[in-house]
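# What the coordinates show
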Amino acid sequence: MNCPLCGNQFREEEGEAACQGCPMLKGCHLVKCPNCGYEVPREPGLLKNLRDWWRQRNGPGRKG
Ligand SMILES: [Zn+2]
């Protein structure tokens with residue numbers, strides 16, 4: 001994912017690691033940018049699944 005603030009690209013796991021001190025670690029729906037510390041709302045799983053489904057359906061190199 002991309003940080004909307006600084007544009008740094010990082011993985012959700014990295015963002016979670018940066019949020020280790022958070023008291024609501026398990027319920028936290030924010031991912032912290034390891035570069036600037038900005039907390040980014042995690043991409044909803046539903047949206048992600050939808051996008052994966054869409055990619056599979058259309059294939060990587062197909063048009064239309
Ligand atoms: Zn950032």
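Just above sits the structure.
I will try to describe carefully the structure that is included in this document. (Residues numbered from 1 in each chain as written. Predicted model: local features only at pLDDT ≥ 70, side-chain atom pairs only at ≥ 80, totals over all residues. Heavy atoms only, no water.)

What follows deals with the overall build of the protein chain. Within the protein chain one finds two helices and two strands. Along its sequence from the N terminus, the protein chain presents helices and strands in the succession α-β-β-α. Burial analysis of the protein chain (64 residues in total) assigns 16% to the buried set. Partitioning the contacts of the protein chain with sequence separation of at least 6, the portion at a separation of at least 24 is 38%. Within the structure as shown, the protein chain displays about 5200 Å² of accessible surface, and the carbon and sulfur contribution to it stands at 54%. (Helix = DSSP H or I, 4+ residues; strand = E, 2+ residues; numbered from the N terminus. Buried < 20%, exposed > 50% of the residue type's maximum accessible area, 1.4 Å probe, protein only. Contact = heavy atoms within 4.5 Å. Areas by Shrake-Rupley, 256 points an atom, 1.4 Å probe, with all protein chains shown as cover.)

Ranked by size, the top nonpolar core spans five residues in total: Cys3, Phe10, Val31, Cys33 and Val40. Beyond its immediate stretch of four places on either side in the chain, Cys33 contacts Cys3, Cys6, Asn8, Phe10 and Tyr38. (Core = buried A, V, L, I, M, F, W, Y, C linked by side-chain atoms within 4.5 Å.)

Coordination of the zinc ion by the protein is provided by Cys3 (SG), Cys6 (SG), Cys33 (SG) and Cys36 (SG), with metal-donor distances spanning 2.3 to 2.4 Å. Around the zinc ion sit four donor atoms; with metal-centred angles ranging over 104 to 113°, the donor geometry is tetrahedral. Counting gaps between the donor residues of the zinc ion yields the pattern C-x2-C-x26-C-x2-C. Taken as a pair, Cys6 in the segment before helix H1 (12–17) and Cys36 in the loop between strand E1 (30–32) and strand E2 (39–41) lie far apart in primary sequence, 30 residues in all. Here Cys6 falls in the partly exposed class, since its relative accessible area comes to 35%. (Donors = N, O, S within 2.8 Å, 3.2 Å for Na, K, Ca; no water. Tetrahedral: all angles 85-135°; square planar, octahedral: opposite > 155°, others 65-115°.)

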